[in-house]
Amino acid sequence: MNSMVSLRSVFMDGGCNSRFQDKQKMLKARKKPVKVLAVSSQKADKSIKVGILGASGYTGVELIRFIANHPYFSISLMTADRKAGQSIGSVFPHLITQDLPDLVAIKDADFSNVEAVFCCLPHGTTQEIINGLSTRLKIVDLSADFRLQDVHEYAEWYGQPHKASELQKEAVYGLTEIYRNKIQSARLVANPGCYPTSILLPLVPLLKDSLIELQDIVIVSNSGVSGAGRSAKEANLYTEVSEGIFSYGITRHRHVPEIEQELSDAANSKVTVSFTPTLMPMSRGMQSTINVKMAPGVLVEDLKQHLKKFYEKEEFVVVLPDGQAPHTKYVQGSNGCHINVFPDRIPGRAIIISAIDNLVKGASGQALQNLNLMMGFPENTGLSCMPLFP
Ligand SMILES: NC(=O)C1=CN([C@@H]2O[C@H](COP(=O)(O)OP(=O)(O)OC[C@H]3O[C@@H](n4cnc5c(N)ncnc54)[C@H](OP(=O)(O)O)[C@@H]3O)[C@@H](O)[C@H]2O)C=CC1
Ligand SMILES: CC(=O)N[C@@H](CCC(=O)OP(=O)(O)O)C(=O)O
């Protein structure tokens, strides 16, 4: 049995391996899950082939960056649309020295040796191609195609009927820290949107334990321009987005139903939110400011302690020390989510702030975290890099 196979079986057999159990006991005492130590002690062989559909876009290239450091995954297939036929070095000159396959059109893609695919395609595209893909493939879809459980709601918010609605029931929502048990056995994971990730990570634990009021949640989120993807759009020209900020999709952004779906599931009751996304003149990063009304008798310190406890074993979600405001620079390039809670001047209310990198925890990092779980690896494999600072 080679090292990779034995490692996979160790993590998939629920801990029957005594060496693994000893290591687990040793690690239990530590705050963060450090299963990655078990990985680094194994010989890397990169024998699991993955494909990236939409590799010439921003989330695709972020996956390339992380998979380059992954001990078990290698990329054997990369697709593009307009850029099909080109080498990766011509599309992304910073990758010119990398040994990677050329970009092909999806219709010409050879999936024969691929075990899993990331779909980094525009909304509406995965649902068109998914039925043509083999059911043996594990799929992490980064678009919004499979995030909404209700197909009618999908049609209402995305303006078209779903083309693979039967698969929507099968898809598991990929907010890793909340749904990791379901993700482990999923074939199709719907990776969350970047705005929802930054909002759900702080709010889900609070709603699960009824610490905040359901109908009094006001969110303003700020996003870097890479959230809009790489294709040319007038609204994203330097002249339009630099040296200024603007809100868009006010009360009607398509992430509203995704956020409300997950918050309602957590609260076990319908939750309605006020959500205002704002575009910031920065390439990447996302910060959400969430103003909540606390349930009767609950204090700001209770919210903070609850979040700290909920995430104390997590590597990627960190509740910051008192008074420290989450900053997009402190998570840039990493899979981290920083959270903090502050008392509002209005009695009974609290301000929760979160920061992520929209391209990492908000997209490709979380996607890799999910595929790691689906393939039986520790979820932080290839993801434990430090943020890029300044
Ligand atoms: N950017 C972000 O921060 C986040 C994005 N997402 C979602 O992830 C997905 C990918 O986003 P992102 O990487 O930013 O998008 P980009 O626009 O940067 O990249 C899109 C990719 O899809 C390819 N493509 C475009 N149209 C088609 C088509 N009709 N058929 C096949 N391939 C096509 C493009 O190829 P070519 O370059 O040749 O045109 C490119 O490779 C989207 O659904 C997005 O909403 C989710 C969370 C965060
Ligand atoms: C700045 C910007 O344009 N952001 C995108 C959201 C990107 C994202 O996370 O989500 P999806 O996967 O749902 O597209 C938007 O507002 O549509």
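Computed from a predicted structure; not experimentally measured.

How each quantity is defined
- Residues numbered from 1 in each chain as written.
- Chains lettered and ligands numbered in written order.
- Predicted model: local features only at pLDDT ≥ 70, side-chain atom pairs only at ≥ 80, totals over all residues.
- Near = placed C-beta within 6 Å.
- Domains from an automatic or database assignment.
- Helix = DSSP H or I, 4+ residues; strand = E, 2+ residues; numbered from the N terminus.
- Nonpolar A, V, L, I, M, F, W, Y, C, P; charged D, E, K, R; others polar.
- UniProt positions renumbered as here; feature names shortened; annotations may be inferred.
- Buried ≥ 20, exposed ≤ 12 C-beta atoms within 10 Å, placed from the backbone.
- Contact = placed C-beta atoms within 7 Å.
- Pairing = 2+ DSSP bridges.
- Arc of directions from axis to C-beta.
- Axes fitted to C-alpha atoms, helices over the stretch in contact; angles between N-to-C directions.
- pLDDT = per-residue confidence, 0-100.

(A) Representation of the site of ligand 1 in the model. Among the 30 residues in the neighbourhood of ligand 1, the closest are listed as Gly54, Gly57, Ser143, Gly229 and Arg230. Structurally, the shell around ligand 1 is a two-domain feature, drawing no fewer than three residues from each of domain 1 (3-192 + 363-374) and domain 2 (195-358).

(B) Representation of unusual backbone geometry in the model. Put simply, Phe389 and Pro390 share a cis peptide bond, and its omega is 0°. Position of Pro390 among the secondary structure elements: in the segment after helix H14 (360-374). Its identity as a non-glycine residue notwithstanding, Lys46 has a phi of 45°, on the positive side. A positive phi is found at Glu243, a non-glycine position, where the angle reads about 55°. Mapped onto the fold, Glu243 is located in the loop between helix H11 (238-241) and strand S9 (246-247).

(C) Main features of the site of ligand 2. For ligand 2, the full set of nearby residues is Ser143, Ala144, Gly193, Cys194, Tyr195, Ser223, Gly227, Ala228, Pro277, Leu279 and Gly362. Contributions of two or more residues to the shell around ligand 2 are made by helix H10 (194-208) and strand S10 (273-279). Of the residues belonging to the shell around ligand 2, the class tally is 6 nonpolar, 5 polar and no charged.

(D) Structural view of the UniProt feature "active site" (unreviewed entry) in the chain. Within the UniProt annotation, "active site" (unreviewed entry) is assigned to Cys194. By C-beta crowding, Cys194 is classed as buried, having 30 other C-beta atoms within 10 Å. Sequence-distant contacts of Cys194, that is, excluding residues within four places in its chain, are made with Ser223, Gly227, Met286, Asn358, Gly362 and Ala363.

(E) View of the sheet that holds strand S2 (residues 73-79). One open sheet holds the 7 strands; their spatial order is S3-S2-S1-S4-S5-S7-S6, and the pairing between them is parallel. A strand with exactly one partner marks an edge of an open sheet, and here the two such strands are strand S3 (103-104) and strand S6 (172-173). As paired elements, strand S1 (residues 48-53) and strand S4 (residues 116-119) share 4 bridges and run parallel to each other. For Leu53, the partnering residue across the bridge sits in S4 and is Cys119.

(F) Representation of helix H13 (residues 300-310). Within the sequence span of H13, burial applies to Leu303, Lys304, Leu307 and Phe310. All buried residues of H13 lie within an arc of 135° about the axis, which places them on one face of the element. Away from its buried face by more than 90 degrees, H13 exposes Glu301 and Lys309.

(G) Up close: the domain arrangement of the chain. For the chain, the assigned domains are domain 1 (3-192 + 363-374) and domain 2 (195-358). The interface is formed by 21 residues belonging to domain 1 together with 20 residues belonging to domain 2. Elements represented by at least two residues in the side of domain 1 that touches domain 2 include exactly helix H7 (151-158), helix H9 (176-184) and H14. The element contributing the most residues to the side of domain 1 that touches domain 2 is H14, with 4 residues. Partitioning the side of domain 1 that touches domain 2 into residue classes produces 11 nonpolar, 5 polar and 5 charged.

(H) Layout of the sheet that holds S9. Read from one edge to the other, the open sheet built from 7 strands follows the order S9-S10-S8-S11-S14-S13-S12, with strand pairing classed as mixed. Two strands close off the open sheet at either side, each with one partner strand: S9 and strand S12 (317-319). For strand S8 (residues 212-223) and strand S11 (residues 286-294), the ladder comprises 8 bridges, and the chain directions are antiparallel. Bridge assignment links Ser223 to a residue of S11, and that residue is Met286. Lying over the sheet, H13 contacts S11, S12, strand S13 (337-343) and strand S14 (349-356), oriented at roughly 165° with respect to S13.

(I) Local environment of the confidence of the model for the chain. Predicted confidence across the chain gives a mean pLDDT of 91, with 89% of residues reaching 70 or more. Considering only residues more than four positions removed or in separate chains, one finds that residues 1-42, a stretch of pLDDT under 50, has 38 contacts.

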